[in-house]
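This is what each chain is made of:
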Amino acid sequence: MSATMPRYTDDYLRTLTSAAYLWAWPLINMHNRQSVMRAVPHPGLMGGIVPVAPLGSLCMLHDYVEPQERLVACPNQDVAYGFGMVAAEAGPSVIQVPDFGERFWVYQAVDQRTDSFVQLGAMYGTAPGFYLLAPTGWSGEVPEGIAGVFRFDTAVGVVIPRVFMDDTAEDREAIQPLLNGISMYPLTEFDGTVKTVVWADCPSFPAADATGSGAETRWVAPEAFPESLRAVLDEVPARDGEAALYDWLFTLTEAAAADPHAHDVIVGAATSADSGLVQELFEFRNIGTPATGNWSTTRNGAHFGTDYLTRTAMAKANIFVNSANETCYYYLDVDASGDRLDGTRRYSVTFPSDGLPPVKGFWSLTLYNEHHFFHENDLHRFSLGTKNTTLQFADDGALTLTAGGPAPADPAESANWLPAPEGPFSLFLRAYWPTEAVLEQSWTPPDVVRVN
């Protein structure tokens, strides 16, 4: 250790590293995603499934995401997705908004903290047109024809358009012209005309680890933590009140660089935090705030501020959550009795006739396997909700959905059933463009009860 460096005990380094790892995990996650996009020559689909694009641009799917996708956990089978990244190094990007009419849509854009920096969507009354996503350090001239400018102050950000689509052949066809009008590209390519891309003809790239059957792509490597921490401290400016925290965390990077033993202790502590502290936040039952019936929820998604615990919990379990006024989420690992959901058993949830999720957009109930991805099944069915036109309602207007167990023989029961793996699974309720009843939690999801 350098003669000018303070002495640090191993326990001190371990303790500070554990806290630093929790704080930095989402920032490092975002930092490492840009390496994938840097290697992409043009918009396309990894493995023919996962949308990727060079920094400053995006790629759209033309249908629901497939179950083999592994770049982002907890995908949504209610919308056609897009994905892209903006970056300070790439300069400003123009994003196009077509006229969606009455169809629900929202463009999510989050900075490296996974905090939202835009308001683009049906709930904002956004007009069709061109919008600019620009780094705060960019001081160029905004050209005529740009309807609005949104700024991000970190090295990178993620942009995810979501457009609602009914699960019908007719709506799949009807949505295509709208999807083809969604595009994002560097400001240098802006000429005031709408650019159209036929996303159904998107080229494919090798899959790498973007597809599979296991867990999400590994975005954070604890063995590289000292170097990764230094990178994100440089890339993400301290917010008001965070200067002292940054100064404190910088001491870890300095100790690691100056002393091989300290480096090893820090890496060991980061490895322990990765498998313990952060891994525990993957389980929905360990995160958020309790709601009725053992559901959990959050209300500060994409606006985490200094709530570093929730920020990392969401990044680990379900990264890229929307702002609460765009989407409210409810998560469930255990049934109303507190027992772990298991696909060898059957469960039911009944919404009374006046108790469907109160939304202005749409709602859905999604089933995820133990890795927070879709459970592949012969029905190719992973969620039920607004998009499903064949749901069967009771005579009194109530809706009962079931999950797990053997496939029902009755076609009416089958229409309301979600297949589950033989083992642990989770349920996830989305309320897009929620009403005040959802936001204030005067409405909460019904209990999920074991049937057999």
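Counting starts from 1 at the beginning of each chain's written sequence and moves along it residue by residue. Totals for whole chains, interfaces and linings use all residues, but because this is a predicted model, local features are given only for residues with pLDDT of at least 70 and pairs of side-chain atoms are given and counted only at 80 or more. Excluded from the side-chain calculations are hydrogens and water; all other atoms, namely the structure's heavy atoms, are used.

Draft legend 1. Geometry of the overall build of the protein. Helix numbering and strand numbering both begin at the N terminus, where a helix is a DSSP run of H or I of at least 4 residues and a strand a DSSP run of E of at least 2. When you go through the protein residue by residue, the secondary structure sums to 8 helices and 22 strands. Its C-alpha radius of gyration of 23 Å places the protein within 12% of the 22 Å reference for a compact globule of 452 residues. Projecting the C-alpha coordinates of the protein onto the three principal axes gives extents of approximately 80 × 55 × 40 Å. By residue count, 58% of the 452 residues in the protein fall in the buried class. Here, residues are in contact when the closest pair of their heavy atoms is within 4.5 Å. For the protein, the share of sequence-separated contacts (at least 6 apart) that also reach a separation of at least 24 residues comes to 75%. Looking at the protein as shown, the accessible area adds up to about 17700 Å², and 51% of this sits on carbon and sulfur atoms. Positive charges come from Lys and Arg alone, negative charges from Asp and Glu alone, with His and the N- and C-terminal ends not counted. Here the site of a charge means NZ on Lys, CZ on Arg, CG on Asp, or CD on Glu. Between the centroid of the 26 positive side chains of the protein and the centroid of its 55 negative side chains there is a distance of 3 Å. Computation of the radius of gyration draws on C-alpha atoms alone. For the globule rule, the value is 2.2 Å times the number of residues to the power 0.38. In this scheme, a residue with accessible area under 20% of its type's maximum is buried, one over 50% is exposed, and one in between is partly exposed, where area comes from a 1.4 Å probe on protein chains only. Only the protein chains shown count as cover for residues, with accessible areas throughout obtained via the Shrake-Rupley method and a probe of 1.4 Å.

Draft legend 2. Molecular detail of the layout of surface pockets. Points on a 1 Å grid, built from protein atoms alone, make a cavity when a 1.4 Å probe fits but cannot get out and make a pocket when they are open with protein on both sides within 12 Å along at least 5 of 7 lines; residues with an atom within 4 Å of a point are the lining residues. Grid points are joined across faces, edges and corners, and a volume is the space filled by probe spheres set on the points. Size it by volume and the largest pocket reaches roughly 310 Å³. Along the walls of the largest pocket sit 17 residues, with A215, E216, Q279, F282 and K316 positioned nearest its centre. Where the lining of the largest pocket is concerned, the elements lending two or more residues are α1 (10-38) and α5 (260-280). Of all the elements, α5 adds the most residues to the lining of the largest pocket, at 3 residues.

Draft legend 3. Expanded view of the sheet that holds strand β6 (residues 105-111). Taken together, the 5 strands give an open sheet; going across it, the order is β3-β4-β10-β6-β7, and neighbouring strands pair in antiparallel fashion. Only two strands of the sheet have a single partner each, and these edge strands are β3 (58-60) and β7 (120-121). Being paired, for any two strands, means DSSP has found at least two bridges between them.

Draft legend 4. Up close: the sheet that holds strand β19 (residues 399-403). The strand order across the open sheet formed by 4 strands is β20-β19-β16-β22, and the pairing between neighbours is mixed. Two strands close off the open sheet at either side, each with one partner strand: β20 (417-418) and β22 (449-450). When β19 meets β20, the two strands line up parallel, connected through 2 bridges. Across the sheet, A403 pairs through a bridge with L418, a residue of β20.

Draft legend 5. The pairing of strand β8 (residues 129-135), seen in detail. Burial analysis of β8 places 6 of its 7 residues in the buried class, which makes it a mostly covered element. Strand direction decides the pairing type here: strand β5 (residues 93-97) and β8, joined by 5 bridges, are antiparallel. Paired with I95 across the strands is Y131, a residue of β8.

Draft legend 6. Structural view of the environment of W363. Examined against the element boundaries, W363 turns out to sit in strand β17 (residues 359-368). Judged by its relative accessible area of 7%, W363 falls in the buried class. Spatially, the C-alpha atoms of W363 and G82 are 19 Å apart, while their sequence positions differ by 281 residues.

Draft legend 7. Here's a closer look at the nonpolar core. Counting 112 residues, the largest nonpolar core has W23, I95, L133, F225, L229 and F320 as its most contacted members. If you tally residues by element for this core, the top one is α1, at 12 residues. Beyond its immediate stretch of four places on either side in the chain, I95 contacts L58, Y107, L120, G129, F130, Y131, L133, V159, S183 and M184. We define a nonpolar core as any set of buried Ala, Val, Leu, Ile, Met, Phe, Trp, Tyr and Cys residues linked to one another through side-chain atoms lying within 4.5 Å. Within the second largest apolar cluster, 27 residues are counted, among which are Y330, L391, L429 and W443.

Draft legend 8. Molecular detail of helix α4 (residues 243-258). Each helix should span, by expectation, one fewer than its residue count multiplied by 1.5 Å. The end-to-end C-alpha distance of α4, which contains 16 residues, comes to 23 Å, matching closely the 22 Å that a straight helix rising 1.5 Å per residue would cover. Those residues of α4 lying buried are Y246, L249, F250, T251, L252, T253, A255 and A256. Its buried side turned inward, α4 meets α1, α3 (225-235) and α5.

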